[in-house]
Amino acid sequence: MGNKGAVAASMQVRATSLCFVGSHLAARPERIHERNTNYTDILECLRLGRKEFEMTHQFHHVFWAGDLNYRVELPFEAAVTASEVVPLKSGGFKVAGLADLLAADQLAQQQSQGQCFQAFMEAP
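Now for a quick tour of the structure. (Residues numbered from 1 in each chain as written. Predicted model: local features only at pLDDT ≥ 70, side-chain atom pairs only at ≥ 80, totals over all residues. Heavy atoms only, no water.)

## Regarding the overall build of the protein chain
For the protein chain, the helix and strand inventory stands at four helices and five strands. Walking the protein chain from its N terminus toward its C terminus, one meets helices and strands in the order β-β-α-β-α-β-β-α-α. A compact globule built from 124 residues would reach a C-alpha radius of gyration of about 14 Å, whereas the protein chain, at 17 Å, exceeds it by more than 25%. Projected onto the principal axes, the alpha-carbon positions of the protein chain cover approximately 50 × 35 × 25 Å. (Helix = DSSP H or I, 4+ residues; strand = E, 2+ residues; numbered from the N terminus. Rg over C-alpha atoms; globule rule 2.2 N^0.38 Å.)

See below:
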């Protein structure tokens, strides 16, 4: 896949099968389609365990990490302001504009449209 792609390792821990994927997807904010295609190509080409099955269908848990390159589509200053950490009286903290950041998250948008990472969950 040129200079983009992935590596993976799988293992069995007692009765639980695990797969860990590290990948590097297409860069630049406007290349959303290429990132989605990179994801699809990786799923189609990367085979572990029972090679007739896509990896997301044969492991109990798949952990995918790396430089996915999906962006937050906000102007720089708006993103900085939204990222401000605000202390709470209870001793914790919150991110001032977390809802704005999540609404502008390319990966979350693409997932909700069924374009990529459909079987994955990501904490806010």
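Read on for the rest.
## So, the environment of R50
On the secondary structure map, R50 appears in the loop between α1 (32-45) and β3 (61-67). Measuring from C-alpha to C-alpha, the distance between R50 and A104 comes to 38 Å, with 54 residues separating the pair along the chain. Within the structure, R50 has its side chain in polar contact with the side chain of E52 (distance 3.0 Å). (Polar contact = N/O pair within 3.5 Å; in protein donor to acceptor, adjacent residues only side chain to side chain.)

## Here's the deal with the environment of I42
The topology assignment puts I42 in helix α1. I42 sits in the buried class, given a relative accessible area of 3%. Distance from I42 to A96, taken between C-alpha atoms, is 36 Å for residues 54 residues apart in sequence. (Buried < 20%, exposed > 50% of the residue type's maximum accessible area, 1.4 Å probe, protein only.)

## Things to note about the pairing of β3
The pairing of strand β2 (residues 16-24) with β3 spans seven bridges and is parallel. The residue bridging H24 from the neighbouring strand is D67, located in β3. Remark: the β2/α1/β3 crossover connection has right-handed handedness. (Pairing = 2+ DSSP bridges. Right-handed = clockwise from strand over helix to strand, strands pointing away.)

## Here's the deal with the pattern of salt bridges
Applying the stated criterion to the full structure yields two salt bridges. Note that E34 is salt-bridged to R31, the shortest N-O span being 4.0 Å. In this structure E34 comes out as partly exposed when scored by relative accessible area, which is 31%. By relative accessible area, R31 is classed as partly exposed at 25%. As a salt-bridge pair, R50 and E52 come within 3.0 Å of each other at their nearest N and O atoms. Grouping residues by exposure puts R50 and E52 together as exposed. (Salt bridge = Lys/Arg side-chain N within 4 Å of Asp/Glu carboxyl O.)

## As for the packing of aromatic side chains
This model, assessed by the stated rule, comprises six aromatic pairs. Ring geometry for F20 against F63: centres 5.1 Å apart, planes inclined by 10 degrees, an arrangement best described as stacked. Placement of F20 in strand β2 and of F63 in strand β3 is noted, with a sequence separation of 43 residues between them. Ring plane angle 35 degrees and centroid distance 4.2 Å describe the contact between Y39 and F117, whose orientation is recorded as tilted. Of this pair, Y39 sits in helix α1 while F117 is found in the segment after α4 (106-112), placing the two residues 78 residues apart along the sequence. Through a chain of ring-to-ring contacts, three or more aromatic side chains come together here, namely Y39, W64, F117 and F120. If you follow R35 out to its NZ or CZ, it ends over the ring of Y70, 5.3 Å from the centre. (Phe/Tyr/Trp six-rings, centres within 6.5 Å; stacked < 30°, edge-to-face > 60°. Lys NZ or Arg CZ within 6 Å of the ring centre and 35° of its normal.)

## A look at the nonpolar core
In this structure, M55, W64 and F117 are the most contacted members of the largest nonpolar core, which totals 18 residues. Those elements that place two or more of their residues in this core are β2, α1 and β3. Take this core: its biggest share by element is three residues, from α1. Those residues in contact with M55 that lie beyond four places of it in its chain are C19, V21, I42, L43, L46, R47, V62 and W64. (Core = buried A, V, L, I, M, F, W, Y, C linked by side-chain atoms within 4.5 Å. Contact = heavy atoms within 4.5 Å.)

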